[in-house]
Amino acid sequence: MTAYLITGASILGGEVADIRIDNGEIVAIGNDLAHDGAEVVDGSGKIALPGLVDLHTHLREPGREDAETVLTGTRAAAMGGFTAVFAMANTDPVADTAGVVEQVWRLGREAGYADVYPIGAVTVGRQGTQLAELGAMADSAARVRVFSDDGDCVWDAALMRRALEYVKAFDGVVAQHAQEPRLTQGAQMNEGALSGILGLTGWPSVAEESIIARDILLNAHVGSRLHICHLSTKGSVEIVRAAKKRGLEVTAEVTPHHLLLTEDLLTSYNPVFKVNPPLRTKADVEAVREGLADGTIDIVATDHAPHPVEDKDCEWSAAAFGMTGLETALSVVQHAMIDTKLMTWADLADRMSYRPAAIGQIGEHGRPLEVGAPANVTLVDPAVERTVVPGESKSLSRNTPFDGMKLPGQVVATFLRGTPTVLDGKLTR
């Protein structure tokens, strides 16, 4: 295995040092380290981060390989600085058995661009009526520890309680898609004055907030682990903040697009902005930024949701919900949180590496950059400004909401256990 020496990088935006990588590990950190045959990577002016971890990715395989595959999705992940991604269960067939989660896990190992950790469905077929084979998935080669029906809410309170009780046996976590279905029938965008003006069925904030409040109470009763997917409203932030002040066991995530984009973009009726949960108001964006900054919201997760052209290039009502996000996530967080002084690069490492790895229980990732740690390293140039061009994406899909937008920061290198997947801003193979 080739040794690498990253020279003069700013570690988490702080001290400047060299980082030597050999045999899959960080073997030395210091100033003026000897090359000793190592391949040199110029880190001057760059920020060195632990490899990013995404707890919420849709890789679509098996079943929708026209939108994404494990290979193309992890290539996009590597370009975005991610060394590990958690693949959601809404595949076809649904990842609700040991066989399907093992298939996804093995596809990730074969691709080699990022470690893939399958998320198992909570219910059979994500139909919300019967618990899936949670124990079998946990005992499988994939060692599943996160379970979600994402795309659909586990709306039945009794079933949600049983799921929370069941995962306690192996310290698992239930990741809830918080959407009360009876309050969102036919919903197309955030409910408010603008939805009335545009003539689109509104999606009320309470549909999200009521499920979050219910599940926090259920989890407090059960004593398990609850994670809230793609939190998007001011009220949701307030509910989670109150729960944490009471010492209740709950974690939450926010997507990059909910940190930056608002419902005002929907005046174009461009389906690229159609997403679940919907883009909210400026007040909601400010609230989720504040929640992420103060730790109420634990992590940033992309909810990378690729779709083929025909599912997005159509009239609004027929278009699929979802946006891609793996390749732009770091830049959006830099723009929304770091360049605004709401967070530091060390905070970003916490929200996009340490904490998601801890929630998903993957000890090989989310480790500090220190001697002896696995060499999962991301090197980013914060000074670069780039224009998002969908055609340059490594994903199979092009449904980015940031098309044409200028964003700061560029991943210049990604190392997965000491092997570069990205160098000089390009995939290595």
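Above this note sits the structure.
In this text the structure is predicted, and so the values were computed from the model without any measurement. (Residues numbered from 1 in each chain as written. Predicted model: local features only at pLDDT ≥ 70, side-chain atom pairs only at ≥ 80, totals over all residues. Heavy atoms only, no water.)

Asker: Help me get a handle on the overall build of the protein, residues and values and all.
Answerer: The secondary structure content of the protein amounts to 12 helices and 19 strands. Based on the C-alpha atoms only, the size of the protein along its principal axes is roughly 65 × 45 × 45 Å. Sequence separation of at least 24 residues holds for 74% of the intrachain contacts in the protein that already meet a minimum separation of 6. About 15,600 Å² of surface is accessible on the protein, with carbon and sulfur atoms providing 49% of the total. For the protein, the centre of its 37 positive side-chain charges and the centre of its 57 negative side-chain charges are spaced 3 Å apart. (Helix = DSSP H or I, 4+ residues; strand = E, 2+ residues; numbered from the N terminus. Contact = heavy atoms within 4.5 Å. Areas by Shrake-Rupley, 256 points an atom, 1.4 Å probe, with all protein chains shown as cover. Lys, Arg positive; Asp, Glu negative; His and termini not counted. Charge placed at Lys NZ, Arg CZ, Asp CG, Glu CD.)

Asker: Go over the sheet that holds strand β6 (residues 52-57), please, and point to the residues and values.
Answerer: Overall, parallel pairing links the 3 strands, which are arranged β6-β7-β8 in an open sheet. Since the sheet does not close on itself, it has two edges, and those belong to β6 and β8 (115-118), each with one partner. Averaged over all pairs of adjacent strands, the angle between strand axes in this sheet comes to 20°, irrespective of strand direction. The strands that helix α1 (residues 70-79) touches are β7 (82-87) and β8; relative to β7, the one it contacts most, it runs at about 135°. Its contacts with the sheet put helix α12 (residues 345-360) on β6 and β7, and the angle it makes with β6 is roughly 60°. (Pairing = 2+ DSSP bridges. Axes fitted to C-alpha atoms, helices over the stretch in contact; angles between N-to-C directions.)

Asker: Which residues make up the pairing of strand β14 (residues 250-254), and what values go with them?
Answerer: The buried fraction of β14 amounts to 5 of the 5 residues, a majority that puts the element mostly inside the structure. A two-sided burial pattern is seen for β14, the buried positions comprising V250, A252 and V254 on one face and T251 and E253 on the other. By the bridge criterion, 3 bridges tie strand β13 (residues 226-228) to β14 in an arrangement that is parallel. Paired with H227 across the two strands is T251, which belongs to β14. Of the strand pairs in this sheet, β14 and strand β15 (residues 299-300) are connected by 2 bridges, and their pairing is parallel. Paired with E253 across the bridge in β15 is I299. (Buried < 20%, exposed > 50% of the residue type's maximum accessible area, 1.4 Å probe, protein only.)

Asker: Account for the environment of I299, with residues named and values stated.
Answerer: Locating I299 in the fold gives a position in strand β15. Residue class for I299 comes out buried when judged on its relative accessible area of 0%. In the structure, I299 is positioned 53 residues away from M352 in sequence and 5.9 Å away in space, judged by C-alpha atoms. When sequence neighbours within four positions are dropped, the list of residues in contact with I299 reads L55, H227, A252, E253, V254, L292, R351, R355, P356 and I359.

Asker: Kindly report on the nonpolar core, identifying the contributing residues and their values.
Answerer: In this structure, L259, L330, L348 and M352 are the most contacted members of the largest nonpolar core, which totals 73 residues. At 6 residues, the largest contribution of residues to this core is made by helix α11 (residues 329-338). Counting residues in each nonpolar core, the second largest holds 18 residues, with A9, I26, L369 and F415 among its members. (Core = buried A, V, L, I, M, F, W, Y, C linked by side-chain atoms within 4.5 Å.)

Asker: Help me get a handle on unusual backbone geometry, residues and values and all.
Answerer: In this structure, the amide linkage connecting D92 to the following residue, P93, adopts the cis form with an omega of 10°. In this model, N276 is joined to P277 through a cis peptide bond whose omega is -5°. Along the chain, the position of P277 falls in the loop between α8 (256-260) and α9 (282-293). With a phi angle near 55°, D32 is a residue other than glycine that sits in the positive phi range. Tracing the chain through its elements places D32 in the loop between β3 (25-30) and β4 (39-42).

Asker: Kindly report on the packing of α1 against helix α2 (residues 98-111), identifying the contributing residues and their values.
Answerer: The interhelical angle for the contact between α1 and α2, taken along N-to-C directions, is 55°, at an axis separation of 9 Å. By the angle between their axes, α1 is oblique relative to α2. Every pair of crossing elements has a handedness; the one defined by α1 and α2 is right-handed. In contact with V70, L71 and T74 of α1, α2 contributes V104, L107, G108 and A111. Partitioned by chemical class, the residues of the contact of α1 with α2 number 5 nonpolar, 2 polar and no charged. (Parallel < 35°, antiparallel > 145°, perpendicular 65-115°, else oblique. Left-handed = near helix turned anticlockwise from the far one by under 90°. Nonpolar A, V, L, I, M, F, W, Y, C, P; charged D, E, K, R; others polar.)

Asker: Kindly report on the environment of V384, identifying the contributing residues and their values.
Answerer: When you line up the elements, V384 lands in strand β16 (residues 377-387). According to the relative accessible area criterion, V384 is partly exposed, its value standing at 29%. Placed 26 residues apart in sequence, V384 and Q410 show a C-alpha to C-alpha distance of 6.1 Å. For V384, the contacting residues outside a window of four places in its chain are L407, P408, G409 and Q410.

Asker: Give me helix α4 (residues 157-167): which residues, what numbers.
Answerer: Counting along an α-helix, one turn takes 3.6 residues, and residues three or four places apart therefore face a common direction. Of all the positions in α4, only L159, M160, A163, L164 and V167 are classed as buried. Looking straight down α4, one finds its buried side chains confined to an arc of 140°; they lie on one side. At its buried positions, α4 is contacted by α3 (134-139), β9 (146-147), β10 (173-176), α6 (205-222) and β13. Between the side-chain oxygen of the N-cap and the backbone nitrogen of A158 there are 2.9 Å, and the N-cap of α4 in question is D156. (Arc of directions from axis to C-beta. Polar contact = N/O pair within 3.5 Å; in protein donor to acceptor, adjacent residues only side chain to side chain.)

Asker: How would you sum up the state of the cysteines? Please name residues and give values.
Answerer: Taken as a whole and assessed by the stated rule, the structure comprises 0 disulfides. Of the cysteine sulfurs around C229, a residue in no disulfide, the closest is that of C153, at 10 Å. In this structure C229 comes out as buried when scored by relative accessible area, which is 2%. (Disulfide = S-S within 2.5 Å.)

Asker: Requested: an account of the sheet that holds β14, with residues and values cited.
Answerer: Backbone hydrogen bonds are what pair the strands of a sheet, in a parallel or an antiparallel way. If you walk across this open sheet you meet the 5 strands as β9-β10-β13-β14-β15, and the pairing is parallel. A strand with exactly one partner marks an edge of an open sheet, and here the two such strands are β9 and β15. Bridge count for β9 against β10 is 2 bridges, and the pairing is parallel. Residue V146 lies in a different strand from β10, and its bridge partner there is V173.

Without other data, these values stay purely geometric and don't point to any function.
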